[in-house]
Every structure is written in structure tokens, then in C-alpha cells.
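A structural walkthrough
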Amino acid sequence: MNPQTPPHAAELSIHQTLKRVEECVRREPTKVVVVALGTGLILNLLPSRVLARATASIATRLLPPVLLGLGVLKAFEICCEKDAAKMPQGR
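Residues numbered from 1 in each chain as written. Predicted model: local features only at pLDDT ≥ 70, side-chain atom pairs only at ≥ 80, totals over all residues. Heavy atoms only, no water.

**Some thoughts on the overall build of the protein**
- In terms of regular secondary structure, the protein is built from three helices and zero strands.
- Traced from its N-terminal end to its C-terminal end, the protein shows the element sequence α-α-α.
- The C-alpha radius of gyration of the protein comes to 21 Å, more than 25% above the 12 Å expected for a compact globule of 91 residues.
- In terms of overall dimensions, the protein has C-alpha extents of about 65 × 35 × 15 Å along its principal axes.
- Looking at the protein residue by residue over its 91 residues, the buried ones come to 0%. (Helix = DSSP H or I, 4+ residues; strand = E, 2+ residues; numbered from the N terminus. Rg over C-alpha atoms; globule rule 2.2 N^0.38 Å. Buried < 20%, exposed > 50% of the residue type's maximum accessible area, 1.4 Å probe, protein only.)

Below, the structure is given as C-alpha cells:
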């Protein structure tokens, strides 16, 4: 985070989540290690084709709405810049 600009909401959310995960790891390290080992074992036992197919399926379903959302955000950003340029400097 740059100290000169305020952080975005997503950036704050990520930092809060990382802080909560770190607190959980410090409180219950054995539980976290067991969960990590179990997850790694399950992922290791699954055939890579299943994982690749599931990832591709999720990506193809999520990609269009994500791209649409990014396009809407960019259009909104451009509109806000044009509105800011039209406003007099005294405000």
C-alpha cells in the first residue's frame, strides 16, 4: 500500500483476511497443518485430468461475468473522469 493514496476496499479486505489467517495459524498451528496436509493429500490423489477439467469448467463459467463487470467498471471510471474534467476547479 502506498501511504500517499488511500487503499481500495479490495486491498483492505485482502489485508484483513491475511491478518485473520495469520492469527488462526498462530492460535492453532497443529489444526492448520493437519488441514493443509489433508488438502494436499486429496489433491495429490485426484487425477490431474479431473483437476484440469474442474478448473477449466469454473473458469469458462466465471470469465464472461467477470469481463462484463470489468468493462462496466472501466466505463464508469471513464465517465467519472469526463465529469471531473467538466467541473470548475473551484469545487
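The rest of the description comes next.
**Let's talk about helix H3 (residues 48-86)**
- With 39 residues, H3 should cover 57 Å at 1.5 Å per step; its first-to-last C-alpha distance of 55 Å lies within 8% of that length.
- By the largest-angle criterion, Leu63 marks the main kink of H3, which is about 35 degrees, and a proline, Pro64, follows within four residues. (Expected span 1.5 Å × (residues − 1). Bend = angle between axes of the 7 residues up to and from the residue.)

**A short note on the confidence of the model for the protein**
- Averaged over all residues, the pLDDT of the protein equals 85, while 92% of them reach at least 70.
- Across the protein, helix H2 (residues 29-45) holds the top mean pLDDT of 90, while H3 sits lowest at 88. (pLDDT = per-residue confidence, 0-100.)

**What to know about the environment of Gly38**
- Inspection of the secondary structure puts Gly38 in helix H2.
- Exposure remark for Gly38: the relative accessible area of 29% places this residue in the partly exposed category.
- Along the backbone, Gly38 and His8 are 30 residues apart, and their C-alpha atoms lie at a distance of 34 Å.

**Structural notes on the pattern of salt bridges**
- Counting across every chain of the model gives three salt bridges.
- Arg26 is the partner of Glu22 in a salt bridge, and the nearest nitrogen-oxygen pair spans 2.8 Å. You can see Glu22 and its partner Arg26 sitting in helix H1 (residues 9-27), four residues apart, about one turn around the helix.
- The class for Arg26 is exposed, based on a relative accessible area of 65%.
- In this structure, the salt-bridge partner of Lys74 is Glu77, at a minimum N-O distance of 3.1 Å. Taken together, the residues Lys74 and Glu77, both in helix H3 and three residues apart, mark about one turn of the helix.
- You can call Lys74 partly exposed: its relative accessible area is 44%. (Salt bridge = Lys/Arg side-chain N within 4 Å of Asp/Glu carboxyl O.)

**A closer look at the environment of Thr5**
- Locating Thr5 in the fold gives a position in the segment before H1.
- Judged by its relative accessible area of 45%, Thr5 falls in the partly exposed class.
- Between the alpha carbons of Thr5 and Ala36 there is a distance of 36 Å; along the sequence they are 31 residues apart.

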